[in-house]
Amino acid sequence: MNKFTKTMLAAAMAAVTAASAGAQSIDDPSRAGFYENAKGKTVAFVPLAMGFDLTEGWAAVMKAQADRLGMNFVIRDPNWSTDAGAQAITSLIAEKPDVIVVHNPDVQSYARLLKRAEDAGIKVVQVNMKSSYPTDFYVGADWVGIGRAQAEAAVAQCGEGTSKKIQIVQGVLTAAASAYSMKGVEEVLAENPDIQVVSQQAADWDSTKARNITATVLQQHPDLCASIGFWDVMDTGTAAAVKEAGANTFIVTSGGTNEMDCKNVEEGSFGEVVSYNVPGQGRDLNTAILAALQSEQPAGTNKVTLYSPIVRVNAETLRPGLCWSMDTVAQ
């Protein structure tokens, strides 16, 4: 190493040493306010009911954030009763939590109450089932898009050499998941006039009703090509009827990518699940909650929609980790 090189190396090392000695830490100016803003705030959740994968998954993710940030998280479970849900929201309006997260039973029942909540200064987040009244945030499925995806999957199965007969099993007719999904299905069917809808009935989210409806349809149409259903739990009844009849009917349903979905696709009970991914929705809910808490705008000022990306679960897309369980949902 020549003298010049040694001199340059020494100068470079001295510069690094000086820079290191003079380096100073910089505090994030937003950090303290973020944590202070969340601490002690109350988030209330009014689901359709607890005890099934969607609501349990969302609640687990929201509670994990609440625990981490020192917030209060409360659940008011109406257990499938619209009247009890309305009473729960009415009580919460009087109690004035900072945010109410609502899972609507249909598009109309809670509409006036949600407006009352916002008029009282409470931020409102709707999850997966919209009301006709838009609130600060909607986090959930694009049901029209899901309906289109389901119909496209059914049409793809019912090509040449099949009966081209399909049935549609709806949930509650006035629920967003049914009404909006049906719109998407109708759009695709209009583009495929050779597809014959032999039955279109509501099972009201009940697997036993779905089973009975499908059993009757299969007696009349044993060559039924496909069944489009609007909720995976309900459509376990559809799958049971198809199995009992020994039919070769392709079942396409929708759900939250719980491990049951992957199992049913793997075993052939479902042909495809068009999913809205509950863990992803949970993170979006948490983002909406924090955005609502940090916003200085009055409740009801902004109307933000966060549609969940569609995940298609079928024999070709199955892979480890695609579906979630309660053990992993809040991780």
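Refer to the structure above for everything that follows.
Rules used throughout
- Residues numbered from 1 in each chain as written.
- Predicted model: local features only at pLDDT ≥ 70, side-chain atom pairs only at ≥ 80, totals over all residues.
- Heavy atoms only, no water.
- Buried < 20%, exposed > 50% of the residue type's maximum accessible area, 1.4 Å probe, protein only.
- Helix = DSSP H or I, 4+ residues; strand = E, 2+ residues; numbered from the N terminus.
- Pairing = 2+ DSSP bridges.
- Right-handed = clockwise from strand over helix to strand, strands pointing away.
- Phe/Tyr/Trp six-rings, centres within 6.5 Å; stacked < 30°, edge-to-face > 60°.
- Salt bridge = Lys/Arg side-chain N within 4 Å of Asp/Glu carboxyl O.
- Axes fitted to C-alpha atoms, helices over the stretch in contact; angles between N-to-C directions.
- Contact = heavy atoms within 4.5 Å.
- Disulfide = S-S within 2.5 Å.
- Core = buried A, V, L, I, M, F, W, Y, C linked by side-chain atoms within 4.5 Å.
- Polar contact = N/O pair within 3.5 Å; in protein donor to acceptor, adjacent residues only side chain to side chain.

A. Up close: the pairing of strand 10 (residues 272-275). Here strand 10 shows no split at all, with E272 and V274 on one side and V273 and S275 on the other all buried. Direction of pairing for strand 9 (residues 250-255) relative to strand 10: parallel, over a ladder of four bridges. By the bridge assignment for strand 10, G255 is matched with S275. Considered for its hand, the β-α-β crossover made up of strand 9, helix 10 (residues 259-267) and strand 10 is right-handed.

B. Up close: the packing of aromatic side chains. Under the defined criterion, the tally for this structure stands at seven aromatic pairs. Ring geometry for F52 and W80: centres 5.4 Å apart, planes at 20 degrees, overall stacked. Here the residue F52 occupies a position in the loop between strand 1 (42-46) and helix 3 (53-69), and W80 occupies one in the loop between strand 2 (72-75) and helix 4 (82-95), the gap between them amounting to 28 residues. Judged by relative accessible area, which is 12%, F52 ranks as buried. By the ring-pair criterion, three or more aromatic residues cluster together here, those being F52, W80, W205 and W231.

C. Highlighting the pattern of salt bridges. Taken as a whole and judged by the stated rule, the model has twelve salt bridges. A salt bridge links K63 to D67; its shortest N-O distance comes to 2.8 Å. Of this pair, K63 and D67 both sit in helix 3, four residues apart, which is roughly one turn of the helix. Assessed through its relative accessible area of 43%, K63 is described here as partly exposed. Of the charged contacts, one joins R148 and E187 as a salt bridge, the two residues approaching to 3.1 Å between their closest N and O atoms. Taken together, the residues R148 in helix 6 (residues 143-157) and E187 in helix 7 (residues 176-190) connect sequence positions 39 residues apart. On the basis of relative accessibility, which here comes to 23%, the residue R148 falls in the partly exposed class. On the basis of relative accessibility, which here comes to 28%, the residue E187 falls in the partly exposed class.

D. Here's a closer look at the pairing of strand 8 (residues 226-229). A two-sided burial pattern is seen for strand 8, the buried positions comprising A226 and I228 on one face and S227 and G229 on the other. Note that strand 6 (residues 165-170) and strand 8 share four bridges and pair parallel. If you follow I168 over to strand 8, its bridge partner there is I228. Sheet topology note: the strand 8/strand 9 ladder contains three bridges and is parallel. Directly across from A226, in strand 9, lies its bridge partner F250. In this fold, the crossover linking strand 8 to strand 9 by way of helix 9 (residues 232-245) has right-handed handedness.

E. Representation of unusual backbone geometry in the model. The backbone phi angle of K164 is positive, close to 65 degrees, even though this residue is not glycine. Among the secondary structure elements, K164 is positioned in the loop between helix 6 and strand 6. At T257, a position not held by glycine, the phi torsion is positive, near 65 degrees. Along the polypeptide, T257 turns up in the loop between strand 9 and helix 10. Look at T257 and you get buried, because its relative accessible area is 0%.

F. Molecular detail of the sheet that holds strand 4 (residues 123-127). On the basis of which strands lie adjacent, the open sheet formed by six strands has the order 2-1-3-4-5-11 and parallel pairing. Of all strands in the sheet, those bounded by a partner on one side alone are strand 2 and strand 11 (304-307). Averaged over all neighbouring strand pairs, the angle between strand axes comes to 15 degrees, with direction disregarded. The strands touched by helix 3 are strand 1, strand 2, strand 3 (99-102) and strand 4; relative to strand 2, the strand with the most contacts, the crossing angle is about 160 degrees. Along the sheet, helix 11 (residues 278-294) contacts strand 1, strand 3, strand 4, strand 5 (137-140) and strand 11; its crossing angle with strand 5, the most-contacted strand, is approximately 170 degrees.

G. Inspection of the state of the cysteines at higher detail. Applying the stated criterion to the full structure yields two disulfides. Disulfide pairing places C262 opposite C323 at an S-S distance of 2.0 Å. Handedness of the C262-C323 disulfide follows from its S-S torsion of about 80 degrees: it is right-handed. Placement of the pair is C262 in helix 10 and C323 in the segment after strand 12 (311-314), with a sequence separation of 61 residues. For the residue pair C262 and C323, the accessibility class agrees, reading buried in each case.

H. Looking closely at the nonpolar core. F45 and V101 are the most contacted members of the largest nonpolar core, which totals 80 residues. By size, the runner-up hydrophobic cluster in this structure holds 16 residues, among which are A44, A88, L92 and L114.

I. The environment of D98, seen in detail. Among the secondary structure elements, D98 is positioned in the loop between helix 4 and strand 3. D98 gets classed as partly exposed once you look at its relative accessible area, which sits at 28%. Taking C-alpha positions, D98 is 12 Å from A288, a pair spaced 190 residues apart along the chain. D98 has contacts with K41, T42, I122, K123 and L293, leaving out every residue within four places of it along the chain. Within the structure, the side chain of D98 is placed 2.8 Å from the backbone nitrogen of T42, a separation counted as a polar contact.

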